[in-house]
Amino acid sequence: MLIIQFWVLSVLMLGSAVCVVVFRNAVNSAMSLVLSFLALSGLYVTLDAFFIGIIQVLVYAGAVMVLFLFIIMLLDLKVEARRTLNLAAVFGGLAVLAGFVFLIGQIVLSFPASGESFPALARTGYSDVSEVGVALFGNFNLPFQVIGVLLLVSTIGVVILSRRSLR
Amino acid sequence: MPLLGDYLIVSGFLFAIGLAGVLLRRNLLIIFMGLELMLNAANLSLVAFARHGVTAFGAPDYNAQVLVFFIITVAAAEVAVGLAIIVALYRLRQTTHVEDLNRMKF
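Residues numbered from 1 in each chain as written. Chains lettered and ligands numbered in written order. Predicted model: local features only at pLDDT ≥ 70, side-chain atom pairs only at ≥ 80, totals over all residues. Heavy atoms only, no water.

**Q** Can you walk me through the overall build of chain B in this structure?
**A** A count of helical and extended segments in chain B gives three helices and zero strands. Starting at the N terminus and ending at the C terminus, chain B contains elements arranged as α-α-α. Compactness check: chain B gives a C-alpha radius of gyration of 18 Å against a globular reference of 13 Å for 106 residues, more than 25% above the reference. Judged by the C-alpha coordinates and their principal axes, chain B covers about 55 × 25 × 25 Å. (Helix = DSSP H or I, 4+ residues; strand = E, 2+ residues; numbered from the N terminus. Rg over C-alpha atoms; globule rule 2.2 N^0.38 Å.)

Here it is as structure tokens:
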């Protein structure tokens, strides 16, 4: 059952990720990116990471993609006109990609743990939110506050960047 | 049950697709979407490892999930700043096409 879920969600995620790269219209790309993120949150749920799955839907598929669509609509981008392709650059990019995929395959196949299935949990129904929350506010308290400062700095930075003149 | 290697292969393919978006597309917004795909590929392999390396109590390793939480937060901040830079650039030059932005090219 889990393996069917895994393959359906992976094919959906990878297929819509390919659509993001292939589509010429930016709005279509953004909508396929939303689909890809939703399928990825389903994959997180198959890994018993419910909290991360919910966060993925809320933050990525919700907030980040709304921001992307807002900017695409704001800039009023037309469908990209076809330009002359630089063939050397395209072949170079594809060669880098082929090498990268080959390398990933080699590394994963030679990794000793990659043939293992996931060990069973001691009991089902862990409360993800409380466990992650305890780790977040206990062990990782300082990084959590640093992240808060980072969000504040990025908010101020966005306000300054989007002022009328950058003087 | 799917194996750990299945998740790692899928995560590697997702990273490769994101890299393809960054390398082959010329629209700044699509390049940005490719960056997001690459970040998500890293998150997927982290969550797979969290589920694989169960702790002594038989629970998933929640430290890795906290790391994923931090990555998602940093990615959200990065998207906000990057899109603001793209909007400022568009105001200045009326384009988001990388080949039209060659002022600093040697």
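**Q** Help me understand the domain arrangement of chain A, please; the structure alone is not making it clear to me.
**A** Interface size is often expressed as the accessible area that is lost when the parts come together. The assigned domain composition of chain A is domain 1 (1-78), domain 2 (86-115) and domain 3 (126-167). Here the C-alpha centre of domain 3 of chain A lies 34 Å away from the C-alpha centre of domain 2 of chain A. (Domains from an automatic or database assignment.)

**Q** Could you clarify how one ought to interpret the packing of helix α3 (residues 50-75) of chain A against helix α3 (residues 62-93) of chain B in this entry?
**A** Two numbers describe a pair of packed helices, the interaxial angle and the distance between the axes. The geometry of α3(A) relative to α3(B) is characterised by a closest axis approach of 11 Å and an angle of 5° between their N-to-C directions. In terms of orientation, α3(A) and α3(B) fall into the roughly parallel class. Residues Phe51(A), Ile52(A), Ile55(A), Gln56(A), Val59(A), Tyr60(A), Val64(A), Leu67(A), Phe68(A), Ile71(A), Leu74(A) and Leu75(A) of α3(A) form the contact with α3(B), whose own contacting residues are Gln65(B), Val68(B), Phe69(B), Ile72(B), Ala75(B), Ala76(B), Val79(B), Ala80(B), Leu83(B), Ile86(B), Val87(B) and Tyr90(B). Here the contact of α3(A) with α3(B) is built from residues that sort into 22 nonpolar, two polar and no charged. (Axes fitted to C-alpha atoms, helices over the stretch in contact; angles between N-to-C directions. Parallel < 35°, antiparallel > 145°, perpendicular 65-115°, else oblique. Contact = heavy atoms within 4.5 Å. Nonpolar A, V, L, I, M, F, W, Y, C, P; charged D, E, K, R; others polar.)

**Q** What am I meant to see in the interface of chain B and chain A here?
**A** On the side of chain A, 84 residues touch chain B, which itself brings 72 residues to the contact. A salt bridge links Asp48(A) to Arg51(B), with the nearest nitrogen and oxygen atoms 2.8 Å apart. Joining chain B to chain A, the criterion identifies 11 residue pairs in polar contact (both at pLDDT 80 or more). If you list the elements that add at least two residues to the side of chain B that touches chain A, you get α1 (4-24), α2 (28-52) and α3 of chain B. By residue number, the principal contributor to the side of chain B that touches chain A is α3(B), which donates 24 residues. (Salt bridge = Lys/Arg side-chain N within 4 Å of Asp/Glu carboxyl O. Polar contact = N/O pair within 3.5 Å; in protein donor to acceptor, adjacent residues only side chain to side chain.)

**Q** How should unusual backbone geometry be read in this particular structure?
**A** Positive phi, normally seen in glycine, also occurs at Asp48(A), with a value near 60°. Locating Asp48(A) in the fold gives a position in the loop between α2 (26-46) and α3. Positive phi is not limited to glycine here, since Gln94(B) has a value of about 60°. Within the secondary structure, Gln94(B) sits in the segment after α3.

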